[in-house]
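Read off the chains here:
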Amino acid sequence: MTTAADVPETGTVRMVDYLAGELARAGVTHLFGVGGANIEDLYDAVHRGGTVQGVVAKHEFSAVTMADGYARTTARPGVVAATSGGGAMNLVPGLAEAYASRVPLLALVGQPPTAQEGHGAFQDTSGKGDSFDAGEVFTPISRFCARVEDADSLVELLPRALKAALTEPRGPAVLLLPKDVQQARLRVPDRDAAPTAGKQTGGKQTGTTSASATPATATSASATPPRAAQPAGTPAGAAQARAGQAGAAPGPAALSQAVLSEVTDTLRAADTVLVIAGEGVASADARAELSELARNLGAWVAVTPDAKDVFDNRDPRFAGVAGVMGHANVEHCLRRADVCLLVGTRLPLLARGGLERGLAATEVVCLDSEEPFVAGKALVGDLRSALRAVTGRLASGPRACPRHPGPLPTPAVTPAVTPDFPDVHGRIVPYSQALAAVEAALPEDAHVFVDAGNTGASAVHLLPAPRHGRFVVALGMGGMGYTFGAGIGAALATGRRTYVLAGDGAFFMHGAEVHTAVEHAAPVTFVVFNNNAHAMCALREEFLQGGVRDDDVFGRTDIAAGVAAAFPSLDVTDAENAAHLREALLRGNAGAGPVFVAVDCDPKEIPPFLPFQPFAEATGGAGRADRPERADRPERADPAEHADRGARAEHADRAEPADNEENADERRVVRAG
């Protein structure tokens with residue numbers, strides 16, 4: 001086995017062998033990608049090394065999403081490799097998602113031999129000879145992008161790339177690797193010696209130059225700052241188990257004490273607080289800190305659509321999902337709150353849709369590594385440190401949470417069967433019933449990856465997150481088909497049963513990755529909700545454009561039959577109803593490999609998506625029925641209230657004010673100094 005640790009310090013190795021060994025030392029267990037002539041040497045090194053497992057995807061986009069799912073469930077950087085030309089360009093949408101969602105990735109991109117560049121080389125992207133420059137393509141969607149001009153420069157560039165990927169704001173780092181440089185030999189460095197600093201030349205990063213925008217200090221990379229021991233089998237525990245191999249991650253910057261005092265004073269003075277927690281809580285592994293702060297504040301806790309798993313969905317404090325796929329109860333709690341505390345979220349549009357008036361009328365405080373998109377006081381810095389610091393300054397012990405209705409679902413509206421879409425076999429299953437079957441079968445430690453469209457909106461709204469697994473929705477770019485690769489990456493990384501919930505549109509884009517799951521016996525349960533349409537697009541066309549075209553409604557496809565024919569060894573079920581779906585899922589849970597289930601849905605069913613609600617009400621739905629005034633819906637009571645009843649008077653609902661631009665403009669963002 002050839003790894004950097006095994007090679008004599010005075011010897012030389014191929015650059016790709018050194019690279020494979022360094023990835024292993026950093027705790028990387030899988031490399032995802034698609035092979036090709038200009039990246040084959042790296043795959044050869046990975047195979048010879050034997051420590052990192054190479055996984056060949058069907059498409060480079062899915063290879064990136066495999067690395068993305070790996071990173072989101074392990075707290076380690078995901079690694080993807082691709083060849084030059086079309087293979088490299090296919091990485092772009094996946095890296096853009098990771099960039100927007102702050103997911104740490106390392107992309108290793110093959111390039112033609114340097115001697116051929118500018119002379120008509122196949123797949124030349126050097127920027128020479130009227131070719132375009134791959135570096136200029138990847139730089140806007142990466143935290144670090146460098147071309148490795150000679151083998152020895154990798155010794156400096158690799159740790160810098162990993163550090164950049166893991167430093168807030170996290171994201172992809174890209175190394176461009178010419179084929180001849182991959183094959184060249186380098187002298188294994190003395191690990192006690194400091195790396196040679198690069199010099200800046202024209203602002204472009206190469207093997208011998210450094211861009212001023214990229215981190216300048218080479219260090220070993222790890223997943224998270226050190227913390228208390230974590231349970232084995234959890235993402236935090238897995239990351240911690242490799243901390244000795246990976247080295248120390250960049251330490252958190254000091255919090256502004258002035259801003260900390262101001263934020264703490266604001267929270268201490270508030271009688272009612274609504275917390276809206278985001279994906280940053282998961283990436284910082286700060287769930288315990290969030291829960292403790294919420295208890296000490298006596299706060300309601302809502303989550304953003306991409307962060308359902310950061311707070312127990314069955315906790316009495318849980319208010320629901322914020323934003324356009326969310327629950328009316330969040331707006332109800334916001335109107336009652338003195339302070340809205342954002343934790344680990346900048347509150348982008350999909351998370352604040354429908355809450356704008358309430359946010360403008362409520363004091364906003366934000367704890368995050370970046371400043372929020374809404375006005376308020378912002379304590380910017382390491383999230384876990386900020387949560388601990390704020391909690392430490394508040395009175396200790398739990399406070400009662402005011403009663404609230406809880407995250408009651410918006411009633412679904414399903415038009416009657418029509419000649420345009422007949423229920424030919426009586427097999428149409430409403431999303432609510434299908435997702436109830438998923439909930440009944442879902443293991444508490446499973447991971448869930450939810451795709452875009454009507455399936456995504458319905459799952460975010462209706463399906464509780466597993467208590468001990470991830471619930472991931474890729475809203476950075478919102479690309480359809482993300483989940484097929486991401487679910488495989490998560491399953492291979494953690495060994496846990498992983499559910500992929502996707503529509504037929506997403507399946508036809510990247511569902512061929514089922515082949516990868518079969519090849520690697522990945523414990524993935526694929527559930528495809530087949531409405532034979534790009535149904536969200538079709539509903540938009542009907543509601544917003546007059547319904548004059550039907551481009552996004554297709555003829556019926558028997559997806560289950562096709563998958564069963566393609567993969568005879570795969571457990572495939574065409575679910576006839578919700579009970580049949582649940583049986584298939586439970587059978588899959590008991591097995592070790594992949595499972596595929598398809599269920600028929602109605603393309604005209606209106607999902608719980610805020611822009612569609614006026615049309616749902618006009619169609620005959622009850623609209624957002626989870627209003628607090630409904631006497632037949634018992635309100636959630638915090639158990640702490642029974643021990644501390646009367647300690648806090650429940651605030652009466654305040655009248656919702658009209659938009660007040662002047663009031664909103666007076667709010668300010670306080671920057672950490």
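Residues numbered from 1 in each chain as written. Predicted model: local features only at pLDDT ≥ 70, side-chain atom pairs only at ≥ 80, totals over all residues. Heavy atoms only, no water.

1. Notes on the overall build of the protein
Part 1: When its secondary structure is counted, the protein shows 28 helices and 20 strands.
Part 2: Within the protein, the proportion of its 673 residues that are buried is 57%.
Part 3: Sequence-distant contacts, at least 24 apart, represent 78% of the contacts inside the protein between residues at least 6 apart.
Part 4: Entry remark: accessible area of the protein is about 25300 Å², with carbon and sulfur atoms responsible for 53%. (Helix = DSSP H or I, 4+ residues; strand = E, 2+ residues; numbered from the N terminus. Buried < 20%, exposed > 50% of the residue type's maximum accessible area, 1.4 Å probe, protein only. Contact = heavy atoms within 4.5 Å. Areas by Shrake-Rupley, 256 points an atom, 1.4 Å probe, with all protein chains shown as cover.)

2. Things to note about the nonpolar core
Part 1: By size, the foremost hydrophobic cluster in this structure holds 88 residues, and its most contacted members are Leu-31, Leu-106, Leu-108, Phe-138, Leu-175 and Phe-596.
Part 2: Residues Val-259, Val-321, Val-429 and Phe-529 belong to the second largest nonpolar core, which totals 77 residues. (Core = buried A, V, L, I, M, F, W, Y, C linked by side-chain atoms within 4.5 Å.)

3. Describing the pattern of salt bridges
Part 1: One pass over the full model with this rule turns up 30 salt bridges.
Part 2: The partner of Glu-541 in a salt bridge is Arg-549, and the shortest N-O contact between them spans 3.1 Å.
Part 3: A single network of salt bridges, built from pairs that share partners, joins Arg-14, Asp-17, Asp-44 and Arg-48. (Salt bridge = Lys/Arg side-chain N within 4 Å of Asp/Glu carboxyl O.)

4. Points about the state of the cysteines
A covalent bond bridging the sulfur atoms of two cysteines is what the word disulfide describes.
Part 1: Under the definition given, this model contains zero disulfides.
Part 2: Here Cys-333 stays free of any disulfide, with the sulfur of Cys-401 as its closest cysteine sulfur at 7.4 Å.
Part 3: On the basis of relative accessibility, which here comes to 0%, the residue Cys-333 falls in the buried class. (Disulfide = S-S within 2.5 Å.)

5. Structural notes on the environment of Asp-133
Part 1: In this fold, Asp-133 is placed in the loop between strand E5 (105-111) and helix H6 (134-138).
Part 2: Among the polar contacts made by the side chain of Asp-133, one reaches the main-chain amide nitrogen of Gly-135 at a distance of 2.8 Å. (Polar contact = N/O pair within 3.5 Å; in protein donor to acceptor, adjacent residues only side chain to side chain.)

6. Structural notes on the packing of aromatic side chains
Part 1: If you walk through the whole model with that rule in mind, you get 11 aromatic pairs.
Part 2: Between the aromatic rings of Phe-484 and Phe-507, the centroid separation amounts to 6.1 Å while the plane-to-plane angle is 65 degrees, which identifies the pairing as edge-to-face. On the criterion of sequence distance, the pair formed by Phe-484 in helix H20 (residues 482-494) and Phe-507 in helix H21 (residues 504-510) is long-range, its members being 23 residues apart.
Part 3: Of the residues examined, Phe-484 reaches a relative accessible area of 0% and is grouped as buried.
Part 4: Between Phe-609 and Phe-612, the aromatic rings sit 5.3 Å apart at their centres with planes inclined by 75 degrees, giving edge-to-face as the arrangement.
Part 5: The buried category is assigned to Phe-609, whose relative accessible area is 12%.
Part 6: An aromatic cluster of three or more residues is present, and its members are Phe-484, Phe-507, Phe-508, Phe-526 and Phe-596.
Part 7: Arg-143 extends its terminal NZ or CZ atom over the ring of Tyr-99, reaching a point 3.9 Å from the ring centre.
Part 8: Directly above the ring of Phe-471 sits Lys-308, whose terminal nitrogen or CZ lies 5.4 Å from the centroid. (Phe/Tyr/Trp six-rings, centres within 6.5 Å; stacked < 30°, edge-to-face > 60°. Lys NZ or Arg CZ within 6 Å of the ring centre and 35° of its normal.)

7. Quick notes on the confidence of the model for the protein
Part 1: Averaged over all residues, the pLDDT of the protein equals 84, while 79% of them reach at least 70.
Part 2: Note that pLDDT drops below 50 for residues 621-633; the model gives that stretch 26 contacts with residues more than four away or on any other chain.
Part 3: Throughout residues 641-673 the model reports pLDDT below 50, and contacts reaching past four residues in sequence, or to other chains, amount to 63 contacts. (pLDDT = per-residue confidence, 0-100.)

8. Some remarks on the sheet that holds strand E12 (residues 339-343)
Part 1: The six strands are arranged E11-E10-E9-E12-E13-E14 in an open sheet whose pairing can be described as parallel. The sheet is open, and its two edges are formed by strand E11 (318-321) and strand E14 (377-380), each paired on a single side. Strand-to-strand twist in this sheet, taken as the mean axis angle between neighbours without regard to direction, amounts to 20 degrees.
Part 2: Across five bridges, strand E9 (residues 273-277) lies against E12 in parallel orientation. Among the inter-strand pairings, Val-275 is bridged to a residue of E12, identified as Leu-341. (Pairing = 2+ DSSP bridges. Axes fitted to C-alpha atoms, helices over the stretch in contact; angles between N-to-C directions.)

9. A few points about the sheet that holds strand E18 (residues 524-530)
Part 1: Spatial ordering of the open sheet is given by E16-E15-E17-E18-E20-E19, a layout of six strands whose pairing is parallel. The sheet is open, and its two borders are formed by strand E16 (471-473) and strand E19 (571-575), each paired with just one other strand. Averaged over all pairs of adjacent strands, the angle between their axes in this sheet comes to 15 degrees, without regard to strand direction.
Part 2: Both strand E15 (residues 447-450) and E16 contribute to a ladder of three bridges, which runs parallel. The residue of E16 that forms the bridge with Phe-449 is Val-472.
Part 3: Contacts from helix H25 (residues 578-590) reach strand E17 (498-503), E18, E19 and strand E20 (595-600), with the element oriented near 165 degrees to E19.

10. Digging into the packing of helix H1 (residues 15-25) against helix H2 (residues 40-49)
Part 1: One way to put it is that H1 packs onto H2 with a least axis distance of 8 Å and a crossing angle of 55 degrees. Considering their axes alone, H1 and H2 lie oblique with respect to each other. As for the relative orientation of H1 and H2, their crossing is right-handed in sense. Here Val-16, Asp-17, Leu-19 and Ala-20 of H1 lie close against H2, whose contacting residues are Asp-41, Leu-42, Ala-45 and Val-46. (Parallel < 35°, antiparallel > 145°, perpendicular 65-115°, else oblique. Left-handed = near helix turned anticlockwise from the far one by under 90°.)

11. A short note on the pairing of E19
Part 1: As paired elements, E19 and E20 share five bridges and run parallel to each other. Bridging across to E20, Thr-573 finds its partner in Val-597.
Part 2: Handedness of the E19-H25-E20 crossover: right-handed. (Right-handed = clockwise from strand over helix to strand, strands pointing away.)

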